[in-house]
Amino acid sequence: MTNKYFVIPLTTLILAACGGGDKAARLQQLKQEKTKLEQEIAKLEQEVGKTDTTEKVKTVTLATLDDTTFQHFIDVQGSVDARENVNVYSKVPGVVMAINVKEGQSVSKGQVLGQVDDRLAKAAVEEVKTQLELATTTFEKQRNLWSQQIGSEIQYLTAKNNKESLERRLATLNEQLAQTRIVSPINGTVDAVIVKLGDNAGPGTPNPAFRVVNSSSLKVVANVAEGYAGKVKTGDQVRINFPDINREISARINFASRTIDPLSRTIKVEVPLPADPAIRPNMIVHIKIIDYTAPNAVVIPVNVIQYTMGKPYVVVAKDNKGKMVAERRHIEMGRTYNDIAEIKSGLKPGERLITTGYQGLNDNDLIKL
């Protein structure tokens, strides 16, 4: 085998070495140019971001603050009660023989509503009347005789005693007869006729014969929790809402119990109501008892209050060189009621509060309506 040798010219090796050096230098040059371009791009992006603020202007809604009266209420539920709501029973036991009224009828005090069996009472009255007639005649004759000094004094006194005894007995029987009539003890309206003809009526029966209500004399009755006992007193102003008739009125408490009920741990309050045909006994009402009033107060919705480091703040709108910007404002809160907060300090009437779009706003952020 013949060994063959290849001879590479020296110039070729030199050229190959020179070609590799040019590529490395070119690569290094391109990397430097890339770094410079990236720096220029970043600089330009920053400058464009500073001059083009259109995308960073946030749309908000404003509310101008005003001074008003803030009131805090104690909310309780009550019901309408008639101060004159009477269950009427027969005063004597007996069978009902007559019903003289119907439901919804107006009646006056002393009017006869019904009648129980009075036949025995009438018979007793008639019997005593007959006896009294005889006793009266006997007494008059004995008096005439005694005036003429005829007969004895004992005969005169006996006749006089018999007559007076029968008069007293007749008065008692007439009173018993009157009690067989079921009468209304008040002026009002017959709310219910409970008894029926033939029913047994009397003071010991489980149900009354009639119910009479004076609708012109109504009141609201409610029980207030023991925790508010020290804040509720006679004369306090209240607002009474009638959900069934969609009406609200203002009134004042005329009675607040000084004793706490040991079972319910509440105190009883009563509020008189004006005469109104739409208001009826046993209606459910919502009562707001005013226990705190702050005149000339600044109030805001609770939902706009945010917190940082446990401290409350809100965002208001301010003018900054002709532009509207946001400003965080730390506040001191007072009482709250129904999603409304009283602001003790930090806000003044006339300032513009951001009520929507306030989330994420910082000081000097641009805003628009």
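Preceding this section is the structure that the text describes.
Residues numbered from 1 in each chain as written. Predicted model: local features only at pLDDT ≥ 70, side-chain atom pairs only at ≥ 80, totals over all residues. Heavy atoms only, no water.

This brings us to the overall build of the chain. In terms of regular secondary structure, the chain is built from three helices and 24 strands. Relative to its length of 369 residues, the chain is extended, with a C-alpha radius of gyration of 50 Å against a globular reference of 21 Å. Based on the C-alpha atoms only, the size of the chain along its principal axes is roughly 195 × 70 × 35 Å. Long-range contacts, defined as pairs at least 24 residues apart, comprise 73% of the intrachain contacts of the chain with a sequence gap of at least 6. Here the chain has roughly 23800 Å² of accessible surface; of this, 51% comes from carbon and sulfur atoms. Taken as two groups, the 48 positive and 42 negative side-chain charges of the chain have centres that lie 4 Å from each other. (Helix = DSSP H or I, 4+ residues; strand = E, 2+ residues; numbered from the N terminus. Rg over C-alpha atoms; globule rule 2.2 N^0.38 Å. Contact = heavy atoms within 4.5 Å. Areas by Shrake-Rupley, 256 points an atom, 1.4 Å probe, with all protein chains shown as cover. Lys, Arg positive; Asp, Glu negative; His and termini not counted. Charge placed at Lys NZ, Arg CZ, Asp CG, Glu CD.)

A few words now on the pattern of salt bridges. For the coordinates displayed, the defined rule picks out 16 salt bridges. Two residues, K219 and E270, come together in a salt bridge whose shortest N-O distance is 3.3 Å. Of this pair, K219 sits in strand β12 (residues 218-225) while E270 sits in strand β16 (residues 266-272), placing them 51 residues apart in sequence. Taking the shortest distance from any N to any O, the salt bridge between D291 and R335 comes out at 3.4 Å. One end of the pair, D291, is in strand β17 (residues 284-301); the other, R335, is in strand β21 (residues 332-337), and 44 residues separate them in sequence. Judged by its relative accessible area of 30%, R335 falls in the partly exposed class. (Salt bridge = Lys/Arg side-chain N within 4 Å of Asp/Glu carboxyl O. Buried < 20%, exposed > 50% of the residue type's maximum accessible area, 1.4 Å probe, protein only.)

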